[in-house]
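Each chain is listed here by its residues.
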Amino acid sequence: MADIGATVDTYWATAQARDWRAFGATLADDVRYELPQTRERVLGRDGVVRFNAEHVGEWSLEVERVITDGDQAVSWVSFSVDEEETQAISFFTAAADGRIQTITDFWLASYEPPREREHLVERF
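Report on the accompanying structure. Values in this document were obtained by computation on a predicted structure and should not be read as measured data. (Residues numbered from 1 in each chain as written. Predicted model: local features only at pLDDT ≥ 70, side-chain atom pairs only at ≥ 80, totals over all residues. Heavy atoms only, no water.)

## A closer look at unusual backbone geometry
Argument step 1. The backbone of Arg-18 shows a phi angle near 60°, a positive value even though the residue is not glycine.
Argument step 2. For Arg-18, the location among the structural elements is in the loop between α1 (4-16) and α2 (20-25).
Argument step 3. Residues other than glycine seldom take positive phi values, yet Arg-39 does so here, at roughly 55°.
Argument step 4. Of note, Arg-39 is situated in the loop between β1 (27-35) and β2 (40-43). (Helix = DSSP H or I, 4+ residues; strand = E, 2+ residues; numbered from the N terminus.)

See below:
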């Protein structure tokens, strides 16, 4: 089996490069991409490639970390979209041939914490 960590690294590198052919090559034919926060699901390689290729706005990404365990990986990625920054945690599973079978993305939304806990934390 191929290294899922290397496949995830290629997935993000080819997305950043907008190399949609190479991006698609990291995905299983019947890949399933889910975004639980928005309750969206995209099925199949062509759909996932199109979903990413048609993303509106100027964006870039930087991979902070990829951790693997067998046929699973998780990545932490920082995104800049139209001058706004956000982060995502993504979970991947590999198909038998090493391509990505499932992707579940969690996009982190920043918010101001409650004033009641100001004395408990250091802001960064």
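What follows continues from the structure just given.
## Topic: the pairing of strand β6 (residues 100-108)
Argument step 1. Across four bridges, β1 lies against β6 in parallel orientation. Across the sheet, residue Leu-27 finds its bridge partner in β6, namely Ile-100.
Argument step 2. Pairing analysis gives eight bridges linking strand β5 (residues 84-94) to β6, with the strands arranged antiparallel. Each bridged residue has a counterpart across the sheet, and for Ala-88 the counterpart in β6 is Trp-107. (Pairing = 2+ DSSP bridges.)

## Considerations on the sheet that holds strand β3 (residues 59-69)
Argument step 1. With mixed pairing, six strands are arranged side by side in an open sheet as β2-β1-β6-β5-β4-β3. Each edge of the sheet is formed by a strand with only one pairing partner; in this case those strands are β2 and β3. Geometrically, the sheet is characterised by an average inter-axis angle of 20° between neighbouring strands, direction not taken into account.
Argument step 2. In this structure, β3 lies alongside strand β4 (residues 72-81), joined through 10 bridges in antiparallel fashion. Counterpart to Arg-65 in the pairing with β4 is Trp-76.
Argument step 3. Strand contacts of helix α3 (residues 45-53): β1 and β2, with the helix running at about 50° to β1, the strand carrying the most contacts. (Axes fitted to C-alpha atoms, helices over the stretch in contact; angles between N-to-C directions. Contact = heavy atoms within 4.5 Å.)

## Examining the nonpolar core
Burial of nonpolar side chains together is a common tendency in soluble globular proteins.
Argument step 1. With 24 residues, the main nonpolar core has Tyr-11, Trp-12, Phe-23, Leu-27, Phe-92, Ile-100 and Ile-103 as its most contacted residues.
Argument step 2. Counting only elements with at least two residues in this core, the list comes to α1, α2, β1, α3, β3, β4, β5 and β6.
Argument step 3. Counting residues per element, this core draws most heavily on α1, which supplies five residues. (Core = buried A, V, L, I, M, F, W, Y, C linked by side-chain atoms within 4.5 Å. Buried < 20%, exposed > 50% of the residue type's maximum accessible area, 1.4 Å probe, protein only.)

## Thoughts on the environment of Val-66
Argument step 1. By the element assignment, Val-66 lies in strand β3.
Argument step 2. Residue classification places Val-66 among the partly exposed residues on the basis of a relative accessible area of 26%.
Argument step 3. With 57 residues separating them in the primary sequence, Val-66 and Asp-9 have C-alpha atoms 7.6 Å apart.
Argument step 4. Ignoring any residue separated from it by four or fewer positions in sequence, one finds Val-66 in contact with Gly-5, Val-8, Asp-9, Ala-73, Val-74 and Ser-75.

## Examining the layout of surface pockets
Argument step 1. Its boundaries defined by the atoms lining it, the second largest pocket holds a volume of some 260 Å³.
Argument step 2. As for the second largest pocket, its lining consists of 15 residues, and the residues nearest its centre are Tyr-33, Asn-52, His-55, Phe-79 and Trp-107.
Argument step 3. Listing elements by their share of the lining of the second largest pocket, those giving two or more residues are α1, β1, α3, β3, β4 and β6.
Argument step 4. If one sorts the elements of the lining of the second largest pocket by residue count, α1 sits on top with three residues.
Argument step 5. Looking at the lining of the second largest pocket, its residues break down into 12 nonpolar, two polar and one charged. (1 Å grid on protein atoms, 1.4 Å probe; cavity = no way out; pocket = protein on both sides within 12 Å on 5 of 7 lines; lining within 4 Å. Points joined across faces, edges and corners; volume = space filled by probe spheres on them. Nonpolar A, V, L, I, M, F, W, Y, C, P; charged D, E, K, R; others polar.)

Functional significance is not addressed by these values, which are geometric in nature.
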